[in-house]
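# Geometric and topological summary
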Amino acid sequence: MSEELTKPSSVVPLDVIVASIKAALENASSTVYEEVVSTISSLMISLERPIDIIHRLHEGQMPLAIVKSAIDAGILNALAESEQPLSAGQLATKIGAASSLTARLLRYLAAQGMVTQVDKDEYVANEKTKAFAQPSFHGSINYSFGTVTSINQAVPAFLMEHKFQDIIKNTETPFNKAYNTPLPLFEWFQHNPEQHKHFMQYMSIQRHDLVTWLSVFPVELEMGNWKAEDTANDSKRVVFIDVGGGMGHQAIAFGQKHPKLGRVILQDLPSVLEHAQVPANVEKQGNNFFKGQPEKGAKFYYLRNVLHDHPDQQVIVILKHLMAAMGPDSEILIDEMCLPEKGTTLLQATRDFRMGFLLGAVERTLWEWEKLLDATGLMIKAKYQYTNVLADTVIVAVPKLASQ
Ligand SMILES: C[S@@+](CC[C@H](N)C(=O)[O-])C[C@H]1O[C@@H](n2cnc3c(N)ncnc32)[C@H](O)[C@@H]1O
């Protein structure tokens, strides 16, 4: 038997290894799941030969184009809605496409794990098909394909033109080059509501299934003796402000988990808050964090994935406004990735460049956070890491003087 036809499992017991990984993951927590998937991805990268990298980079451009086409054609929704297995011909009739093209799309989607092929020409929806039939997943694919792809295309020319210097201005990025605009991304979104909607849909699911900061953050411990009752003014104080909170997922989660601690506020630009749907215990408050912080003396000023959107000088402006509003017990909670100094994963390094290409910003290491906070007049009182895959960490920052 030639070497090419030797079954891999006769050399390495792959079937056994795969079966044991699948069995171990059946009831695993999302943290364990993410970590195993990340380790396997790193293993795949470590096993690649140079030509395999060429194949990965070359073939890697295709999935987004195919998945976008499959969504636009309505294949995933039609399959997700069907209670019976469907053939390519039946699906083609439902969506009004050619049956041979539909068959080829299905073959690709099955190879990609997004539909299940149960027989020679029979397909059924699986969990991934059902997820990709939802508007938030459509929006995410549209964001990746419609907004991000053109930015990636602009990167090499942008870096060459800028002589491979750091990207430090949010008005001079590959995004600005790709869209020929002088506006920073979030201002540009105000003039491009369709792209903004897709971005927000992506934001709403990008942490799908990951544990949240509330699973590790010791609220009672950090609260200390802080009380919501403001007896002097016969009112309730603000315990939590989700600064730049977008659709308010974290404000909602905090209010649900801690309904009695005090008032909860969601702050963002007014045009963003129009789209946020929050329960009665979360107050919406339009505010531009570059202009100031109207709520004085709140317990927690929380910022998730906000500061990584901005270069250092702007982060300092945002934090100084919060410092001016802080009372003696206030804390700033910075919920961001803390990149490891060594052994950054491909995903973490990708997120870092994404920030740079879109916004002239960066993901930071813990040491870089320490340096930046120090330059602002803050220090790290505590930190709580809650994911390994993204190294998401809540940094508790307090003014240097108050803590000394
Ligand atoms: C990357 S998103 C993070 C949203 C949210 N914190 C989350 O984790 O889902 C950044 C947020 O900052 C908001 N933002 C940008 N510029 C702002 C400004 N000048 N004032 C207030 N919010 C702003 C955006 O509208 C957006 O909701």
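As annotated in an unreviewed UniProt entry, the protein carries the name O-methyltransferase domain-containing protein and comes from Gomphillus americanus.

### With respect to the site of the ligand
In the vicinity of the ligand lie 15 residues, with Gly244, Asp268, Asn288, Phe289 and Arg304 positioned nearest. Measuring from a nitrogen atom of the ligand, one finds a backbone N or O atom of phenylalanine 289 at 3.0 Å. One of the side-chain nitrogen or oxygen atoms of arginine 304 is found 2.6 Å away from an oxygen atom of the ligand. Bound to the protein, the ligand loses 94% of the 590 Å² it would expose on its own. Here the residues of the shell around the ligand are counted per class, giving 6 nonpolar, 6 polar and 3 charged.

### Structural notes on the side chain of serine 136
Examined against the element boundaries, serine 136 turns out to sit in helix α10 (residues 135–161). Other than its neighbours up to four places away in sequence, serine 136 contacts Gln201, Ser204 and Ile205.

### As for the pairing of strand β8 (residues 300–304)
Of all the 5 residues making up β8, 5 are buried; the element is thus mostly covered by neighbouring parts of the structure. Here β8 shows two buried faces, one formed by Phe300, Tyr302 and Arg304 and the other by Tyr301 and Leu303. The sheet contact formed by strand β5 (residues 238–243) and β8 spans 3 bridges and is parallel. In the sheet register, phenylalanine 240 faces β8, and the bridge partner there is phenylalanine 300. Relative to strand β9 (residues 331–339), β8 is paired through 5 bridges, and the arrangement is parallel.

### Quick notes on the packing of aromatic side chains
Enumeration over the complete set of coordinates arrives at 21 aromatic pairs. Between tryptophan 213 and phenylalanine 254 the ring centres are 6.4 Å apart and the planes differ by 10°, which places this aromatic pair in the stacked class. A residue pair is termed long-range when its members are at least 10 positions apart, and tryptophan 213 in the loop between α13 (193–205) and α14 (219–223) and phenylalanine 254 in helix α15 (residues 249–257) qualify at 41 residues. We note that tryptophan 213, like phenylalanine 254, is buried. Ring geometry for phenylalanine 289 and phenylalanine 290: centres 5.2 Å apart, planes at 75°, overall edge-to-face. Looking at phenylalanine 289, the relative accessible area reads 17%, which means it is buried. Take phenylalanine 290: its relative accessible area is 31%, and that puts it in the partly exposed class.

About the criteria used
Residues numbered from 1 in each chain as written. Predicted model: local features only at pLDDT ≥ 70, side-chain atom pairs only at ≥ 80, totals over all residues. Heavy atoms only, no water. Near = heavy atom within 4 Å. Polar contact = N/O pair within 3.5 Å; in protein donor to acceptor, adjacent residues only side chain to side chain. Areas by Shrake-Rupley, 256 points an atom, 1.4 Å probe, with all protein chains shown as cover. Nonpolar A, V, L, I, M, F, W, Y, C, P; charged D, E, K, R; others polar. Helix = DSSP H or I, 4+ residues; strand = E, 2+ residues; numbered from the N terminus. Contact = heavy atoms within 4.5 Å. Buried < 20%, exposed > 50% of the residue type's maximum accessible area, 1.4 Å probe, protein only. Pairing = 2+ DSSP bridges. Phe/Tyr/Trp six-rings, centres within 6.5 Å; stacked < 30°, edge-to-face > 60°.

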